[in-house]
Amino acid sequence: MSLLPWSIFLSLAGALLALAGGLRSARTARWIALLTAAGAWLLTLLAATRFVPGPGLQTLVDMAWIPSMGVRYHLAADGISLTLLVLTGLAATAGVLFSWNIEERTGQFFALFLTLVAGVYGVFLSADALVLFVFYEVAIVPKYFLIAGWGSTNREYGAMKLALYSFAGSSMVLAGLLWAYADGGGHGFGFGDLARAAATLPRQHQIAIFALVFFGFATLAGIFPLHTWAPTGHVAAPTAASMLLAGVVMKLGAYGCLRVALPLSPVGFAYWQAPIAWLAVIGIVYAGLVALMQEDFKFVIGYSSVSHMGFVLLGIAAANAQAVSGAVLQMFSHGVIAGLLFAVVGRMVYDRTHTRKLSDLRAMPMYRLLPFAAAVFVIAGVASMGLPGFSGFPAELTILIGAWKRAPAWAAVAALGVLVAAAFTLRAIQLGFFGQMEKQQAPANGRPSEHAVHFGPITLAEKAGALLLIGATVIIGLYPDLLLNWINPALQSPLLQAALKAGTP
Amino acid sequence: MNPDYAGLFSALQPETALVVGSLAVLGLDLSVFRRHPAAERLRLALWVASLAVLTAGAGVWLGARGAVYGGVLILDHLAVATRLGVLALTLLTLGVARGAAPPRQPAEYVAVILFAATGLMLMAAAQQLLIAFLSLELASLSLYVLAGFDRARPESAEAALKYFLFGGMAAAFLLFGFSLIYGVTGSIELPQIAAQISLQGADPLLMVAIVMVLVAFGFKVAAAPFHLWAPDVYQGAPTSSAALISSASKLAGFTLFTRLLWPGFHGAVGNVYALTAGPGWLPVVAVLSAASLLLGNFAALAQSSLRRLLAYSAIAHSGALLLGVMAAGRSGPAPLFYYASTYGLATVGAFGVISAMEREGRCEYITDLAGLHRRSPLLAGCLAVFILSLAGIPPLAGFFGKFMVFAAALRLGGVAGPAGWLAILAIALSAVALYYYLIVLKQALVAAPAADARPIKVPRVTALTLVAAAALIVWFGLDPTQLLGLF
């Protein structure tokens, strides 16, 4: 356990080394990135084997940082953070594998990538709201440069939109935290200290503080109607960045909601609970419907991410043990599945066909041209639909059951979203991979036959990355208790219990 | 009063070192190095000047503390910290000047920088109206000269003239204000003035006087609506002059006026909780702050010139720093000093990058930065640190400055108070600011270089200066107690 903070520093060291290695050759940078990402992942797995689940955060490091403000460099972990740490390591390793073909400024790419990963590890390990905020911002900045520097379609717009949304959200968080700290006469930025400070304020102020912090974080989690950065950002991003973005960075927002906003002000949570749940439910259905209409393959996945993140927010809003543990499980599950989907579309298909238009792909028999990609996408799609045997199933089921217990209407509408998800996923599978080369059309646009010859085989790195992710979703799908046994005790911590109690009528 | 010349001399050792240094620069240049090429004369002058600055720094660090010469000067924590900050920023400015093309009279240029630094050092410690005015004028006059030093470009002359006209006007206001204060309170010593003001309260004449002082304050730190000189000076002045004007001069200005306002005029502070409850200077500062924040951030969005963008960003930062001034009465000047000094580091660094780029072509528009990451990875990396620190991205020092100032402002009457509102406004505007900072970084780090762009060779001293500034920003960010420990 005590090794966990090294995952941050190992990633940062990897970033510097990759930058230096990139000056020598792209190959060196790649291997450095792979070794450090995998190394950090191993650290989290090692910690997981020694982890004893229990309520409350288990302190790893705690020392004064800015004494005059009561800020402490306090890192700690519990079952929830451990789940997400393991996910981060997995997504980072797979991300490096799927960016093996980056040739341009490879060292800088991996340096930014690993800095982002380090920030994400830091957020999941922070037990002090300001430390969390610092790592959160560390994760935001590299995203902009990854997308603007190595992205595709409309990348500068996508990158700037994403950066501004993220930063606006984090400004709201900072305002809320400072308000609670300064106005409430707080002595520090520990989650408990802030909650005590906020509790001294009038009810109206608490409601406003909660709104600032929650919606600030929820922006990054893609809550409707603040989700619009997500599809454009995902589409513009290079594959590894989309994988991290959908897989892990959106989780930062949801994690912030759960870890910071809820305990900060149970009173505010009680007030905002229903609006949040309805926004989450609307997001699930709306984003699903939009995904159904998309012509660009990557936009389908982008909107599906928003839809799936809606489940996470619904789980948090439903505020009972079942729904919240389901939400954390869904964070893990979606992190893996979205990573897989983006990997297939962005790396396996787009880098070879140079098109993401479903109408173009439809004209090619992709299942014969790239059978491995088709198989992986079908598996990921099925997992994404929430079929039993994959991690999406236990996650969404527990969320729906939990939400049903709190308010049946939420669960009923959200269940509609599951149907919509099935529809857009099947449509994407059908159009993207099982299109027929229509004889009359083939000469007209001339592309399929031309490209069919040039498609390179799926590389070993791609296969390894895909198998890692598929393995994770199957293992958790078959044995969700592996994670739930970590998550459930963590929900018993007094801070979370106070929040959950406030959300239960 | 028993004049204590020995104490005065020992307290003014650093200033003496600077003045002797600048005379040495002039003397050596006139005698020994008269016939040498300009680049060599500049190099020698900069070495001598750096030596003088380092000696002065040692003098400040080891020198006297407490009131000097019957309280004319005060060497408290704020003064010592500011003096060290001014010297550090001057040293960095000298490093930046090393990378620029040598001016026509290199030794005079360096000597005037040292004179300006002397004035700024005295500003940091002044506790008497006359000394305050004289030190401010010494600094300002030197800075006017520095702004107009590049006689080859008409923009430089325009910058100097604008700066001088605005500055002269501000100085007139300041002197008028000081004379009214003397008339009302019968003293030019800040402690006596403070005692007198708290005795007689805020009478209208005093308020007029304080508002006049605030006009000069607004000019000195480029706060709206007294900011009009800033964009032209930043654009037209030689790069290292602009670096000094935007960093050390700002730091010393904030220290001087914070000292005038809080220990001096705190009896007329007005109400912290509501703008309308009773007269005082705090509401005026609040208005200056709000105007600077709004104008600076929104005007910066529209800039295509890099230097003008830095100028408007400086105005926006002044708005946030004014919040620190408002909060200094309750939370002490430490957050304000931290913000002002780390802001100075970032802006000296940014101007240093500009000056290094000007060696290989121009660096006027933001688009001139295009492809910097290929032309000079070192400059691009340093610029990223400086700009991200200005944008307030943790863990760089710029974030913690904002964080502490905003926290202090929110402590001042909560969100319901004007300071609280301003803090929330400033936080909201920081998201706006990120846009224009990212535009700069996009050019430097993402965009491809122009077809005819050459790699940039950075002189070793300048590279060292920039790396030092960037390292300090990272270090003070990771461990803010290093700077806060001065208090």
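Residues numbered from 1 in each chain as written. Chains lettered and ligands numbered in written order. Predicted model: local features only at pLDDT ≥ 70, side-chain atom pairs only at ≥ 80, totals over all residues. Heavy atoms only, no water.

A. Representation of the overall build of chain A in the model. Broken down by element type, chain A carries 23 helices and 2 strands. Since a compact globule built from 505 residues should have a radius of gyration of about 23 Å, the 22 Å found for chain A is in line with a globular shape. Principal-axis analysis of the C-alpha atoms places the extent of chain A at approximately 75 × 55 × 40 Å. Taken across its 505 residues, chain A has 66% of its residues classed as buried. Taken as a whole, chain A presents about 16,200 Å² of accessible surface, with 68% of it coming from carbon and sulfur. (Helix = DSSP H or I, 4+ residues; strand = E, 2+ residues; numbered from the N terminus. Rg over C-alpha atoms; globule rule 2.2 N^0.38 Å. Buried < 20%, exposed > 50% of the residue type's maximum accessible area, 1.4 Å probe, protein only. Areas by Shrake-Rupley, 256 points an atom, 1.4 Å probe, with all protein chains shown as cover.)

B. Representation of the overall build of chain B within the structure. For chain B, the count of helices and strands is 21 helices and 2 strands. Rg of the C-alpha trace for chain B: 21 Å, near the compact-globule value of 23 Å for 487 residues, within the 12% margin. With the principal axes as the frame, chain B shows a C-alpha extent of 70 × 55 × 40 Å. For chain B, buried positions account for 63% of its 487 residues. Considering only intrachain contacts with a sequence separation of at least 6, the fraction spanning at least 24 residues in chain B is 80%. Within chain B, one finds 27 positive and 19 negative side-chain charges whose respective centroids are separated by 7 Å. (Contact = heavy atoms within 4.5 Å. Lys, Arg positive; Asp, Glu negative; His and termini not counted. Charge placed at Lys NZ, Arg CZ, Asp CG, Glu CD.)

C. View of the packing of helix α17 (residues 377-391) of chain B against helix α20 (residues 460-478) of chain B. All names here are of chain B. Where α17 contacts α20, the two axes come as close as 10 Å, and the packing angle between them is 35 degrees. When the axes of α17 and α20 are compared, the crossing they make is left-handed. Across the interface between the two elements, L378, L379, C382, V385, F386 and S389 from α17 touch A463, L466, V467, A469, A470, I473 and V474 from α20. When grouped by side-chain class, the residues that make up the contact of α17 with α20 number 12 nonpolar, 1 polar and no charged. (Axes fitted to C-alpha atoms, helices over the stretch in contact; angles between N-to-C directions. Left-handed = near helix turned anticlockwise from the far one by under 90°. Nonpolar A, V, L, I, M, F, W, Y, C, P; charged D, E, K, R; others polar.)

D. Structural context of the interface of chain B and chain A. Between chain B and chain A, the residue contacts involve 36 residues of the former and 37 residues of the latter. Interface area, chain B with chain A, both sides summed: about 3,000 Å², of which 79% is carbon and sulfur. Contact with chain A buries area across many residues of chain B, yet F403(B), R411(B) and V446(B) alone supply 20% of it, more than any other trio. Seen at the junction of chain B and chain A, the total is 2 salt bridges. E104(A) is the salt-bridge partner of R374(B), the closest N and O atoms lying 4.0 Å from each other. Counting the contacts that link chain B with chain A gives 7 residue pairs in polar contact (both at pLDDT 80 or more). Broken down by secondary-structure element, the contributors of at least two residues to the side of chain B that touches chain A are α16 (372-375), α17, α18 (397-411), α19 (418-446), α20 and α21 (481-484) of chain B. Partitioned by chemical class, the residues of the side of chain B that touches chain A number 26 nonpolar, 6 polar and 4 charged. (Buried area = accessible area lost by both parts, 1.4 Å probe. Salt bridge = Lys/Arg side-chain N within 4 Å of Asp/Glu carboxyl O. Polar contact = N/O pair within 3.5 Å; in protein donor to acceptor, adjacent residues only side chain to side chain.)

E. Quick peek at the packing of aromatic side chains. In this structure the tally under the stated criterion is 40 aromatic pairs over all chains. Three or more aromatic residues joined by ring pairs form one cluster here, namely W65(A), F133(A), Y181(A), F189(A), F399(B), F400(B) and F403(B). Here the guanidinium or amino end of K143(A) rests over the ring plane of W229(A), the centre of that ring lying 5.7 Å away. Above the ring of F372(A), the side-chain terminus of K463(A) is found at 5.8 Å from the ring centroid. (Phe/Tyr/Trp six-rings, centres within 6.5 Å; stacked < 30°, edge-to-face > 60°. Lys NZ or Arg CZ within 6 Å of the ring centre and 35° of its normal.)

F. Inspection of the environment of I387(B) at higher detail. Residue and element names in this part refer to chain B. By the secondary structure assignment, I387 is in helix α17. Judged by its relative accessible area of 1%, I387 falls in the buried class. In this structure the C-alpha to C-alpha distance between I387 and L441, which are 54 residues apart in sequence, comes to 7.5 Å.

G. Representation of the side chain of S99(A). By the secondary structure assignment, S99(A) is in the loop between α3 (79-98) and α4 (106-125). Once you skip the residues sitting within four places of it in the chain, S99(A) turns out to touch F109(A), F110(A) and A240(A).

H. Structural view of the pairing of strand β2 (residues 71-77) of chain A. Residue and element names in this part refer to chain A. The buried fraction of β2 amounts to 6 of the 7 residues, a majority that puts the element mostly inside the structure. The sheet contact formed by strand β1 (residues 58-66) and β2 spans 7 bridges and is antiparallel. Counterpart to D62 in the pairing with β2 is H74. A loop of 4 residues connects β1 with β2, the two strands running antiparallel in sequence, and G70 in this loop sits at a positive phi of about 75 degrees. (Pairing = 2+ DSSP bridges.)

Just distances and angles here, no functional claims.
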